[in-house]
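# Overview (structure and organization)
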Amino acid sequence: MAGIIVVFDFDKTIIDVDSDNWVVDNLGFTEQFERLLPTMPWNTLMDTMMGEIHASGKALGDVAAVLRGAPIDPRVPHAIRAAHALGCDLRVLSDANGFFIETILDHHGLRGCFSEINTNPSHVEDASSGGRLRIEPYHEFRHGAAHGCGVGTCPPNMCKGQVLDRILREAAAARKRVVYLGDGRGDYCPSLRLGREGFVMPRRGHPVWDLICEDPARVKAEVHPWADGAEMEATLLGLVRRVLVEEAAMLTPLVDCKLESTMPVAAQDGMPIMPLGVKN
Ligand SMILES: [Mg+2]
Ligand SMILES: [Zn+2]
């Protein structure tokens, strides 16, 4: 097992679109969605939209069919499988919902690569009439509750930074490095919480990248941007191999088969072996 935990945002990171917009647009509910958007938080709106979609006579199976058609860059599943094969512990941290994410990961045969999906919980009601998806907030914010994050870029239903803090504590206890990938405003808070030994992979040209560029000194982790699936794959696997090589160098007297078999691969591929703390 490599000493690396890789945490992926889902929308516009694993898939190339926002799954919420994809479902709403492809089922013909864009107008209604846009009319309601200024009146309620996004998480509440998506639960409301699932009610509207169900009331219009569409079954949850129709929603699933649309989700299975969500575009994904073929290099992304390749990167996920390769990182998993190299022994990384992969997690999802997303403001979508359990049903959307599981449906898509299952469709691409990727669910088994992830040890954890952290997202807004969902469940099915009215199964006898096709199924109505209920979407709940990750952090309760109705009835006056609040997650209390002060960064200012987290939605009321989810502070990804607070979820990442728990993962960072696990990583520290297991002496693992953490890589975080994301594109949106909600990915800024977790990017700030990574320490100097962490890596953040923001999607270039997207909101998290703009936020990081506004004040780069706020980010302690090494920053490795990417723009598309090919660049994500090359960058992520480059970091994973680099950490494996550094681990092997530190553990030389205790080296195990996994590390021995990994070292020549990294050398063969000509991956640069950089000291810690150096940015590309
Ligand atoms: Mg996203
Ligand atoms: Zn936050």
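The shown structure was predicted, so the numbers you read here are calculated from the model rather than taken from an experiment. (Residues numbered from 1 in each chain as written. Chains lettered and ligands numbered in written order. Predicted model: local features only at pLDDT ≥ 70, side-chain atom pairs only at ≥ 80, totals over all residues.)

## A short note on the overall build of the protein
For clarity, the cut-off: Each helix is a run of DSSP H or I of at least 4 residues and each strand a run of E of at least 2, with the numbering of both proceeding from the N terminus. Three exposure classes are used, based on other C-beta atoms lying within 10 Å of a residue's own C-beta, which is placed from the backbone: buried for 20 or more, exposed for 12 or fewer, and partly exposed in between. In this description, any two residues whose backbone-derived C-beta atoms lie within 7 Å of each other are considered to be in contact.
Tallying secondary structure elements over the protein gives 11 helices and 8 strands in all. Within the span of the protein, comprising 280 residues, buried residues form 39% of the whole. Of the contacts made within the protein by residues no fewer than 6 positions apart, 64% connect residues no fewer than 24 positions apart.

## With respect to the sheet that holds strand E7 (residues 199-202)
Our working rule: One requirement defines pairing of two strands: DSSP has to find at least two bridges between them.
Here 6 strands make up an open sheet; going across it, the order is E3-E2-E1-E6-E7-E8 and the pairing parallel. Both outer strands of the open sheet, strand E3 (114-120) and strand E8 (222-223), are each paired with one neighbouring strand and no more. As defined by bridge partners, E7 adjoins E8 across 2 bridges and the pair is classed as parallel. Across the sheet, residue Val200 finds its bridge partner in E8, namely Val223.

## Structural notes on the UniProt feature "binding site: substrate" (unreviewed entry) in the protein
To keep it simple, the criterion reads: UniProt positions are given in the numbering used here, feature names are shortened, and annotations may be inferred rather than shown by experiment.
The sites that UniProt annotates as "binding site: substrate" (unreviewed entry) are Asp20 and Asp95. For the residues just named, distributed over 76 residues, the greatest C-alpha separation is only 9.7 Å, placing them together at one site. Within the fold, Asp95 resides in strand E2 (residues 89-97). Setting aside its immediate chain neighbours within four residues, Asp95 contacts Asn120, Pro155, Met158 and Gly186.

## Examining the pairing of strand E6 (residues 177-182)
The condition is simple: Crossover handedness is defined here as right-handed if the route from the first strand over the helix to the second strand goes clockwise, with the strands pointing away from the viewer.
The buried count for E6 comes to 6 of 6 residues, which makes it a mostly enclosed element. The side-chain alternation of E6 yields two buried faces, one formed by Arg177, Val179 and Leu181 and the other by Val178, Tyr180 and Gly182. Bridge count between strand E1 (residues 4-8) and E6: 5 bridges; the pairing is parallel. Its bridge partner being in E6, Phe8 is matched across the sheet by Leu181. Across 4 bridges, E6 lies against E7 in parallel orientation. From the neighbouring strand, Gly182 faces E7, where its bridge partner is Pro202. In this fold, the crossover linking E6 to E7 by way of helix H8 (residues 188-193) has right-handed handedness.

## Let's talk about the nonpolar core
Here is the rule: Structurally, a nonpolar core is described as a collection of buried Ala, Val, Leu, Ile, Met, Phe, Trp, Tyr and Cys residues joined by way of C-beta atoms within 7 Å.
Val7, Val178, Val179, Tyr180 and Val240 are the most contacted members of the largest nonpolar core, which totals 59 residues. Of all the elements, helix H10 (residues 229-250) adds the most residues to this core, at 7 residues. Setting aside residues no more than four positions away along its own chain, Tyr180 makes contact with Val7, Leu164, Pro190, Ser191, Leu194, Gly198, Val200 and Met201. Counting residues in hydrophobic clusters, the runner-up holds 9 residues, among them Cys159, Tyr188, Cys189 and Trp209.

## Describing the packing of helix H1 (residues 19-26) against helix H4 (residues 60-68)
Basically, it comes down to this: Angular values range over 0 to 180 degrees, each being the angle between N-to-C directions of two axes fitted as lines to C-alpha atoms, with helices fitted over their stretch in contact. Small angles under 35 degrees read as roughly parallel and large ones over 145 as roughly antiparallel, with 65 to 115 read as roughly perpendicular and the rest as oblique. Handedness of a helix crossing follows the sense of rotation of the near helix relative to the far helix, less than a right angle counterclockwise being left-handed and clockwise being right-handed. Gly falls in the polar group here, along with every residue not listed as nonpolar (Ala, Val, Leu, Ile, Met, Phe, Trp, Tyr, Cys, Pro) or charged (Asp, Glu, Lys, Arg).
Relative to each other, H1 and H4 sit at 120 degrees, their axes nearing to 10 Å. What the angle tells us is that H1 and H4 run oblique. In the packing of H1 onto H4, the handedness of the crossing is right-handed. Packed against H1, whose contacting residues are Ser19, Trp22, Val23 and Asn26, the element H4 presents Val63, Val66 and Leu67 at the interface. Of the residues belonging to the contact of H1 with H4, the class tally is 5 nonpolar, 2 polar and no charged.

## Considering H1
Where H1 is concerned, the buried positions are Ser19, Asp20, Trp22, Val23 and Val24. Phi turns positive, to about 85 degrees, at Gly28, one or two residues after H1.

## Re the UniProt feature "active site" (unreviewed entry) in the protein
If you check UniProt for "active site" (unreviewed entry), the listed places come out as Asp9 and Asp11 in our numbering. Position of Asp9 relative to the elements: it lies in the loop between E1 and H1. Since 25 C-beta atoms lie within 10 Å of it, Asp9 is described here as buried. In this structure Asp9 touches Leu93, Ser94, Leu181, Gly182, Asp183, Gly184 and Asp187, once residues within four positions along its chain are discounted.

## A few points about the pairing of E2
Working note: regular strand, side chains alternate between the two faces of the sheet. Within E2, 8 of the 9 residues are buried, leaving the element largely enclosed by the surrounding structure. In this sheet, E2 lies alongside E1 in parallel orientation, the contact comprising 4 bridges. Each bridged residue has a counterpart across the sheet, and for Ile5 the counterpart in E2 is Asp89. Sheet topology places E2 next to E3; 5 bridges connect them, and they run parallel. Bridge pairing in E3 places Val92 opposite Ile117.

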